[in-house]
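A structural walkthrough
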Amino acid sequence: MRLAWWDGKLRILVFDVLFAVLVACGLVLEIAKNEQYRWYTVALVAVPFAAMLVRRRFPLVFMAVTPIAQWWPSVQVTIAAYTVASRKGLHWQTAVSFVYGSAVIVFWPGKRGESGVGSDIGYIVFFVLVPTLLGLWVYQRRALLIALRERAEQAERERDLRSERVVVAERRRIAREMHDVVAHRVSAIALQSGALTMTAPDKQTEEVAEVIRKTSTAALTELREILQVLRDELPGEPGHVAPALDAVPVLVADAVTTGLKVNLELPDPVPEVSPAAGRAAYRVVQEALTNATKHAPGVVVTVKIKADKKNLAVEVSNPRAVVPSEVPGSGYGLLGMQERVTLAGGTLQTGWDDGVFQVKANLPVKAAE
């Protein structure tokens, strides 16, 4: 990067150029006043000018050439001390800069006023110590801002990673349930086509039924091979049956035993819905009760489930807790509910309404063809 020596900012380069020109002009005026035109006159102007331009990249070089500036060298020493401290921090170069700058201030032959210990200490404090401390403060502040920025970026990356992990985990559970449902349906097709093969009234029907059986068996085998890695059951453990809408009363009863107050409104008999809608409704109620237990202890939670010919409506609501809960919320539960309801073809709404937190899910009763 062309402006890397100036922190990538053009205004810093312009400032250094202008100040270097000011230093060079001061030296030229001093030389012209004293009529000291020697062979080293050009060096007296060019060296401080060049050092001023590269002071941010080579701060010690700028400090080293300050004695050349016979025109008010205390200004150059002050800038050099600040530059070294602000670029290097608590470093040996900062200590060298402080000692060297103090020596330049004390032994500068053109120093005005009486020479003494008190005046020397005053010069050192004003022209060397103060700018050095200011430079150290700027260095520490810059390092702190960089650390805070990196920490914020890392926290944001970790938050995104946790969110993705929650979505992946929810999709894995959905995939397991899909495996259970699809495997059952395909197994039934294979079984019925096999029975039709044995009882076919003619040869053509038998051949078609056999093709259906073989295709179903092959599809079932491939499905199990692909989705088997998504199962969490241990080898030899019986398969897990995903809970559906008819398991909501048991879920509410378990929540009541833990001390949660729940009012359940569920049609009797339980409405017949698609397996995907039933599992999504169960998960919505489960997550909503969990959130109420964590964030609104002691309140009464209302669970309403209604169904018509097309839609299944699930609503879980609870008022704000009298004593706010100190349990922090991650928001991943709502994210998981949204993911599951969306994959089931429904919509989800969550939020506060007149002091009551509501979770509303609208799901299709029948699965899409």
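An account of the accompanying structure is given in this report. Numbers given for residues are sequential positions, taken from 1 along each chain in its written order. In keeping with the model being predicted, local features are shown solely for residues with a pLDDT of at least 70 and side-chain atom pairs are shown and tallied solely at 80 or more, while totals for entire chains, interfaces and linings include all residues. Note: side-chain values were computed over all heavy atoms of the structure, leaving out hydrogens and water.

Here we look at the pairing of strand S2 (residues 300-307)
Note the following rule: Whether two strands pair comes down to DSSP finding at least two bridges between them. Under the scheme used here, helices are H or I runs from DSSP no shorter than 4 residues and strands are E runs no shorter than 2 residues, and both carry numbers assigned from the N terminus. For the handedness criterion, the strands are oriented away from the viewer, and a crossover whose path from the first strand over the helix to the second runs clockwise is classed as right-handed.
Pairing of strand S1 (residues 261-265) with S2 involves five bridges; the strand directions are parallel. Bridge pairing in S2 links Lys 261 to Val 300. Read from S1 through helix H9 (residues 275-295) to S2, the crossover connection turns out left-handed. As consecutive antiparallel partners, S2 and strand S3 (residues 311-319) are separated by three residues.

As for the packing of helix H8 (residues 248-257) against H9
Applied cut-off: Angles here are taken between N-to-C directions and fall from 0 to 180 degrees, while the axes themselves are lines fitted to C-alpha atoms, restricted in helices to the stretch in contact. For this classification, under 35 degrees means roughly parallel, over 145 means roughly antiparallel, 65 to 115 means roughly perpendicular, and everything else is oblique. Here a residue-residue contact requires only that any non-hydrogen atoms of the pair lie within 4.5 Å. Asp, Glu, Lys and Arg are counted as charged, while Ala, Val, Leu, Ile, Met, Phe, Trp, Tyr, Cys and Pro are counted as nonpolar; the rest, among them Gly, fall into the polar class.
Interhelical geometry of H8 versus H9 gives an angle of 10° and a closest axis separation of 10 Å. Between H8 and H9, the crossing angle belongs to the class labelled roughly parallel. Of the residues in H9, those in contact with Val 248, Leu 251, Val 252 and Ala 255 of H8 are Tyr 282, Val 285, Gln 286 and Leu 289. In the contact of H8 with H9, the residues fall into seven nonpolar, one polar and no charged.

As for the environment of Phe 62
Put simply, the rule is: The cut-offs for exposure are 20% and 50% of the maximum accessible area for each residue type, with area from a 1.4 Å probe on protein chains only; residues under the lower value are buried, those over the upper are exposed, and the others partly exposed.
With respect to the secondary-structure elements, Phe 62 resides in helix H3 (residues 59-64). Residue Phe 62 is classed as buried on the basis of its relative accessible area of 2%. The spacing of Phe 62 and Ala 81 is 19 residues in sequence and 9.4 Å in space, taken between C-alpha atoms.

Describing the nonpolar core
Where we set the bar: By convention a nonpolar core is built from buried Ala, Val, Leu, Ile, Met, Phe, Trp, Tyr and Cys residues, the set being connected through side-chain atoms within 4.5 Å.
One finds Val 285, Leu 289, Val 303, Leu 312, Val 314, Val 359 and Leu 363 to be the most contacted residues of the largest nonpolar core, which totals 32 residues. Listing elements by their share of this core, those giving two or more residues are H8, H9, S2, S3, helix H10 (332-343) and strand S5 (356-364). For this core, the leading source of residues is H9, giving nine residues. Here Val 285 is in contact with Val 248, Leu 251, Val 303, Val 314 and Val 316, once residues within four sequence places are set aside.

Regarding unusual backbone geometry
Cis geometry is adopted by the peptide bond preceding Pro 269, which originates at Asp 268 and carries an omega value of 5°. Within the secondary structure, Pro 269 is located in the loop between S1 and H9. Even without a glycine there, the phi angle at Asp 354 is positive, about 55°.

A word on the packing of aromatic side chains
Two measures describe an aromatic ring pair: the distance that separates the ring centres and the angle between the ring planes. The following threshold applies: Only Phe, Tyr and Trp rings take part, Trp by its six-membered ring, and two of them pair if their centres are within 6.5 Å. Stacked means planes under 30 degrees apart, edge-to-face means over 60, and tilted covers everything else.
One pass over the structure, following the stated rule, counts two aromatic pairs. Ring plane angle 90° and centroid distance 5.0 Å describe the contact between Phe 126 and Phe 127, whose orientation is recorded as edge-to-face. Residue Phe 127 is classed as buried on the basis of its relative accessible area of 16%. Aromatic pair Trp 352 and Phe 357: ring centres 5.3 Å apart, planes at 70°, arrangement edge-to-face. Trp 352 sits in the partly exposed class, given a relative accessible area of 46%. Assessed through its relative accessible area of 17%, Phe 357 is described here as buried.

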